[in-house]
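Residues per chain, in single letters:
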Amino acid sequence: MTNITRDVQRILDHDVIIRRGLGREIINRKALAEYLRKNGIKGSIDAIISAIRRYETELKADNSYATAEAIIKDAKLSTRTGIAIVAMTKDSSVQSNIPKLFTTIHYDRGEVLRVVQAEESIKVIVDERNVAKVTDLMGQNKIIKTERKLAEITMKLSPLSAKAPGVLAILNNELAANDINIVEAVSCVPELLWFIDQKDLLKAHQTFLELVGSLQAKK
C-alpha cells in the first residue's frame, strides 16, 4: 500500500459523511481529491483519485458498514430533559455510598440514576432536582464538578449491534458533523445514551431522525 493510499484511507475511515457519499456514488472523485490535497494529502490529483477508487472498491467489498447502517435504520429514539451529571472523587467513602443512592431515587416515578465509573472519578447522572440528594449523601468536599441543564437522548438498537463494528462511529460522527457536543456517552447495548447540552437536544434528535429516515429510504 502506497503512502497516498494509506493516508486517503485514514482520512476517509474517520469521515462518515464522505464514506456514505461514496457508498451512494454521489461524490465527484476529482472534487474529493482536491479536497483531500488541500487537507494534507501529498501527491498528484490522479494519484489521489486512484487511491479513492481503491477505497471505494474495498468499501463495497466490506459489508460491515452496510450491516451497521441496517441496524441503525431500525433504531427507536427517546429523549428527556432536566438532567445533571455529578462528578466525584473515586475513594472508598464515595464507593461505599453509591449503593445508598439506589434507595433514594424513585424509579417508580420515572427518576433517573446512571452511574459511570472511571479510573480516577465516578459520575452520577440524575434528574436536576436530585442533585442535592447526591451532594448531601456524598459530601460537598467529594464533588469535583456538577453539570446541569443537560438532556439525554437514548437510542434503542437491535441486540445485533453488540457484534456490528461501526455503529457507534457512525452515530458519533453524525453528532460531530452537526456541531453537537457530547458531554457524556454511555453504552449499555442494545441501548446507547448521549448526554448533551439541553439547547442542542432538538438539533440532535432531528439529526438522528434524518439519519434513520435516510437509511430506511436507501435501497
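About the criteria used
Residues numbered from 1 in each chain as written. Predicted model: local features only at pLDDT ≥ 70, side-chain atom pairs only at ≥ 80, totals over all residues. Heavy atoms only, no water. Salt bridge = Lys/Arg side-chain N within 4 Å of Asp/Glu carboxyl O. Buried < 20%, exposed > 50% of the residue type's maximum accessible area, 1.4 Å probe, protein only. Helix = DSSP H or I, 4+ residues; strand = E, 2+ residues; numbered from the N terminus. Phe/Tyr/Trp six-rings, centres within 6.5 Å; stacked < 30°, edge-to-face > 60°. Arc of directions from axis to C-beta. Contact = heavy atoms within 4.5 Å. Axes fitted to C-alpha atoms, helices over the stretch in contact; angles between N-to-C directions. Parallel < 35°, antiparallel > 145°, perpendicular 65-115°, else oblique. Nonpolar A, V, L, I, M, F, W, Y, C, P; charged D, E, K, R; others polar.

Trainee: Lay out the pattern of salt bridges in plain terms, naming residues and giving numbers.
Mentor: Inspection of every chain in the model, using the stated rule, returns 10 salt bridges. Among the ionic pairs, K73 bridges to D74, the shortest N-O distance being 3.5 Å. On the basis of relative accessible area, K73 is assigned to the partly exposed category, the value being 28%. Judged by its relative accessible area of 46%, D74 is partly exposed. In this structure, the salt-bridge partner of K142 is D91, at a minimum N-O distance of 2.6 Å. On the criterion of sequence distance, the pair formed by K142 in the loop between helix 7 (131-138) and strand 4 (143-156) and D91 in the loop between strand 1 (76-89) and helix 6 (92-101) is long-range, its members being 51 residues apart. Salt bridges sharing partners connect three or more residues here, namely D197, K199 and D200.

Trainee: A description of the packing of aromatic side chains should follow, citing residues and the corresponding values.
Mentor: Tallying each qualifying case throughout the model produces 1 aromatic pair. Their ring planes at 45° and their centres at 5.0 Å tell us that W194 and F208 sit as a pair that is tilted. Linking W194 in strand 6 (residues 191-197) with F208 in helix 9 (residues 201-217), this pair joins segments that are 14 residues apart in sequence. The exposure class of W194 is buried, given its relative accessible area of 1%. On the basis of relative accessibility, which here comes to 0%, the residue F208 falls in the buried class.

Trainee: Let's hear about helix 8 (residues 167-177): which residues, and what values?
Mentor: Structurally, the α-helix is built with 3.6 residues per turn, so residues lying three or four positions apart point the same way. Turning to helix 8, its buried residues number three or more, namely V167, I170, L171, E174 and L175. Buried positions in helix 8, seen along its axis, are confined to an arc of 130° and lie on one side of it. Just downstream of helix 8, D179 is the residue with a positive phi angle, here 60°.

Trainee: Any details on the environment of F102? Residues and values, ideally.
Mentor: Looking at where F102 falls in the secondary structure, it is placed in the loop between helix 6 and strand 2 (113-117). The class of F102 is partly exposed, set by a relative accessible area of 41%. Put simply, F102 and K90 are 12 residues apart on the chain and 18 Å apart in space, counted from C-alpha to C-alpha. The residues contacting F102, other than those within four sequence positions of it, are Y107, L113 and V115.

Trainee: Could you give an account of the packing of helix 2 (residues 16-23) against helix 8, naming the residues involved and the relevant values?
Mentor: The N-to-C vectors of helix 2 and helix 8 enclose an angle of 110°; their axes lie 9 Å apart at closest approach. Comparing their axes, helix 8 and helix 2 come out roughly perpendicular. Residues V16, I17 and R20 of helix 2 pack against I170, N173, E174 and A177 of helix 8. Looking at the contact of helix 2 with helix 8 residue by residue, the classes come out as 4 nonpolar, 1 polar and 2 charged.

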